[in-house]
Amino acid sequence: MFNKRVKIKELLTWEPKEQEVTVMGWVRTFRNNQFVALNDGSTNNNLQVVLELGKFDEEQLKRITTSASLKVSGILIPSLGKGQKVELKATALEILGDSDAEKYPLQPKKHSLEFLREIAHLRFRTNTFGSVFRVRHSLAFAIHKFFNEMGFVYLHTPIITASDAEGAGEMFRVTTLPMDNPPRNEDDGSINFKEDFFGRSSNLTVSGQLEGELGATAFGEIYTFGPTFRAENSNTARHLAEFWMIEPEMAFCDLEDNMNLAEEFIKYIIRYAMENNREDLEFLAQRLVEEEKQLPQDKRSEMGLIEKLEFVLNNNFERITYTEAIDILLQSPAYKKKKFQYDVKWGIDMQSEHERYLVEKHFKKPVIVTNYPKDIKAFYMRQNEDGKTVAAMDILAPGIGEIVGGSQREERLEKLEQRMSEMHVPAEELWWYLDTRRFGSVPHAGFGLGFERMVQFVTGMGNIRDVIAFPRTPKNCEF
RNA sequence: UCCUCCCUAGCUCAGUUGGUUAGAGCAUCUGACUGUUAAUCAGAGGGUCGCUGGUUCAAGUCCAGCGGGGGGAGCCA
């Protein structure tokens, strides 16, 4: 009868009136041979279970160790001690699973995030990761809620793709060919992919956008939300080889609409987390304060986590063009004092230091930069009338960097084909993509939002590996 | 991939100009105590000093290579 258990999160809201209840969870600490702090993952707050002296078998009490799993029945009473409102006076105790204290790696003490990363299979049982992953869940749920309310269709774009023309990065190959002795073409000795599973070379997707556009030009509005794979050798706190991305795509939509939607979307999901995960966010805010105590004053965040999120909700994102951004950088004290490592001039792909200056020093809030030079952006972005720029927009967030990359798409067939040819994108492979421009083409736009970066922004976690359950990075595929 | 720093007990970290038996706090175990809040008090156990090689009478300490990790950069979301 496991389903009769009461979740601790709910129980803690009850008025104690000697209700008989059953709870199940994992031991966080066992104090004084009498008090069990029990956690079931529904909240960071533990339920204090009281085992009255002499009422329980000594041998059984010895088995109550950190992370042992318990089933406890008892009556809910007002706590006799300080520190909690209610407690459960146990009448029956069952140990569901023992936990060898000498071998269990988590202790009731502070652990480094690096250590916890090495035991990612157990780190959900800590307060920090409990909070992070409950918030992550809420953000994911809010994303579906938002788009559903907006009338978008959730489109599952493929994970495996034969097109390597998207140019979004290095790809993981998908194959069933034997690696030690693949079939080869007789003429040049190259691998014969005609014998591979799909009869052609195939990879894991780096973006669902191109397929997303196919959906948008039928349903009007679609979004994707799925895993994305990049085989880049990136070793940073904001890159993963496997990450989740949200990619809405809207027909009858220009760059302005696109920006409006992105801003509204981001605020919506943050607001949802603020309303539904207040305790977790407060815990994470406190965690951040503690972590930053080790930093020198000038390296600490100016705003607390909650403050920062409220600030984002209550203020419009700054909107500037790329050209204006470059002007701001050129006028900046940092530039004049030669503080930038990389030079600034129109046409450059802005470096992190430039983006950080704009977002963290100059505007101190999220910034949407639009109309980038066409030479530093993808082939599918709509060419502006000036002949130099494209209708792109990136949203830069304080502390995270680029959180959204999007654009109005080039809907004019000739312009698109011309750009593909200039950038050596094989048009024949993307015949299906070009068909949307051949048959009822419409102005449309969309963007991609890195889910983990969003989770980082909301939780204040500094390393992207700590906001995904089992991070995949170069040289790391454990669990 | 580049730059830089780090790797000593289960965890977090000391370890002096190279020198005898490598330490502390927490955790664990044993005992005491029993309305505790990361309980407290007393005691005990616990180490291939990341790996391989080198220099030296002597290496945790110096040198080289390799592996793993952190921070920064590039690529990007």
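Owing to the predicted nature of the structure, the values given are computational and were not obtained by experimental measurement.

In globular proteins that are soluble, nonpolar side chains generally tend to be buried together. Phe265 and Ile270 are the most contacted members of the largest nonpolar core, which has 67 residues in total. A total of 12 residues in this core trace back to one element, the largest contributor, which is helix α6 (residues 255–276). In this structure, Ala334, Val367, Tyr372 and Phe379 belong to the second largest nonpolar core, which totals 32 residues.

Another aspect to go through is the sheet that holds strand β8 (residues 173–174). Spatial strand order, β7-β9-β8: three strands in an open sheet with antiparallel pairing. Two strands lie at the open edges of the sheet, namely β7 (160–161) and β8, each paired on one side alone. With two bridges connecting them, β7 and strand β9 (residues 202–204) associate as antiparallel partners. Pairing of isoleucine 160 across the sheet is with leucine 204, part of β9.

A word on the packing of helix α9 (residues 322–331) against helix α11 (residues 352–363). One way to put it is that α9 packs onto α11 with a least axis distance of 11 Å and a crossing angle of 75°. What the angle tells us is that α9 and α11 run roughly perpendicular. Only His354, Tyr357, Leu358, His362 and Phe363 of α11 make contact with α9, whose side of the interface consists of Ala325, Ile328 and Leu329. Grouping the amino acids of the contact of α9 with α11 by side-chain chemistry returns six nonpolar, two polar and no charged.

In the vicinity of RNA strand B, 49 residues are found, and the nearest of them are Asn32, Lys82, Thr236, His239 and Arg453. Considering the 4 Å shell around the protein, atoms of RNA strand B inside it are sugar or phosphate in 47% of instances. A distance of 3.0 Å separates a base nitrogen of RNA strand B from a polar atom in the backbone of glycine 81. Measuring from a sugar or linking oxygen of RNA strand B, one finds a side-chain N or O atom of histidine 111 at 3.4 Å. Where the surface near RNA strand B is concerned, the elements lending two or more residues are β1 (20–31), α3 (113–118), β11 (242–251), α11 and β15 (401–408).

Moving on, we get to the domain arrangement of chain A. When the parts of a complex come together, some accessible area is lost, and that lost area is often taken as the interface size. The domains assigned to chain A are domain 1 (8–97) and domain 2 (125–171 + 206–466). The gap between the C-alpha centroids of domain 1 and domain 2 is 45 Å. Taken together, the contact pairs eight residues of domain 1 with nine residues of domain 2. Between domain 1 and domain 2, a total of about 650 Å² is buried, with carbon and sulfur atoms accounting for 21% of that surface. Area buried by domain 1 at its contact with domain 2 is led by Arg28, Asn44 and Ser67, which between them contribute 60% of it.

Moving on, we come to the sheet that holds strand β13 (residues 367–373). Within a sheet, adjacent strands bond to each other through the backbone by hydrogen bonds, running parallel or antiparallel. The mixed open sheet is built from eight strands, whose spatial order is β6-β10-β11-β16-β15-β14-β13-β12. Of all the strands in the sheet, the pair left with one neighbour each is β6 (153–154) and β12 (318–321).

Together, Ile159, Ile160, Phe197 and Phe198 make up an exposed nonpolar region whose accessible area comes to about 390 Å². Residue position: phenylalanine 197 is located in the loop between β8 and β9. With relative accessibility at 60%, the residue phenylalanine 197 sits in the exposed group.

All right, on to α6 then. Every α-helix carries 3.6 residues per turn, so stepping three or four residues along brings you back to the same face. If you check α6, its first and last C-alpha atoms are 32 Å apart, about what 22 residues at 1.5 Å a residue would give, namely 32 Å. The N-capping residue of α6, defined by a side-chain oxygen 3.1 Å from the backbone nitrogen of glutamate 256, is aspartate 254.

Attention now goes to the side chain of glutamine 34. Along the polypeptide, glutamine 34 turns up in the loop between β1 and β2 (35–39). Classification of glutamine 34 as buried rests on a relative accessible area of 17%.

Glancing now at helix α13 (residues 431–438). Turning to α13, its buried residues number three or more, namely Tyr433, Leu434, Thr436 and Arg437. Within α13, the buried residues cover an arc of 140° as seen down the axis, which keeps them to one side. Count one or two residues on from α13 and you reach glycine 440, which has phi positive near 70°.

The rules behind the values
- Residues numbered from 1 in each chain as written.
- Chains lettered and ligands numbered in written order.
- Predicted model: local features only at pLDDT ≥ 70, side-chain atom pairs only at ≥ 80, totals over all residues.
- Heavy atoms only, no water.
- Core = buried A, V, L, I, M, F, W, Y, C linked by side-chain atoms within 4.5 Å.
- Buried < 20%, exposed > 50% of the residue type's maximum accessible area, 1.4 Å probe, protein only.
- Helix = DSSP H or I, 4+ residues; strand = E, 2+ residues; numbered from the N terminus.
- Pairing = 2+ DSSP bridges.
- Axes fitted to C-alpha atoms, helices over the stretch in contact; angles between N-to-C directions.
- Parallel < 35°, antiparallel > 145°, perpendicular 65-115°, else oblique.
- Contact = heavy atoms within 4.5 Å.
- Nonpolar A, V, L, I, M, F, W, Y, C, P; charged D, E, K, R; others polar.
- Near = heavy atom within 4 Å.
- Polar contact = N/O pair within 3.5 Å; in protein donor to acceptor, adjacent residues only side chain to side chain.
- Domains from an automatic or database assignment.
- Buried area = accessible area lost by both parts, 1.4 Å probe.
- Patch = residues over 30% accessible without salt bridge, like charges linked within 9 Å, V, L, I, M, F, W, Y side chains within 5 Å.
- Areas by Shrake-Rupley, 256 points an atom, 1.4 Å probe, with all protein chains shown as cover.
- Salt bridge = Lys/Arg side-chain N within 4 Å of Asp/Glu carboxyl O.
- Expected span 1.5 Å × (residues − 1).
- Arc of directions from axis to C-beta.

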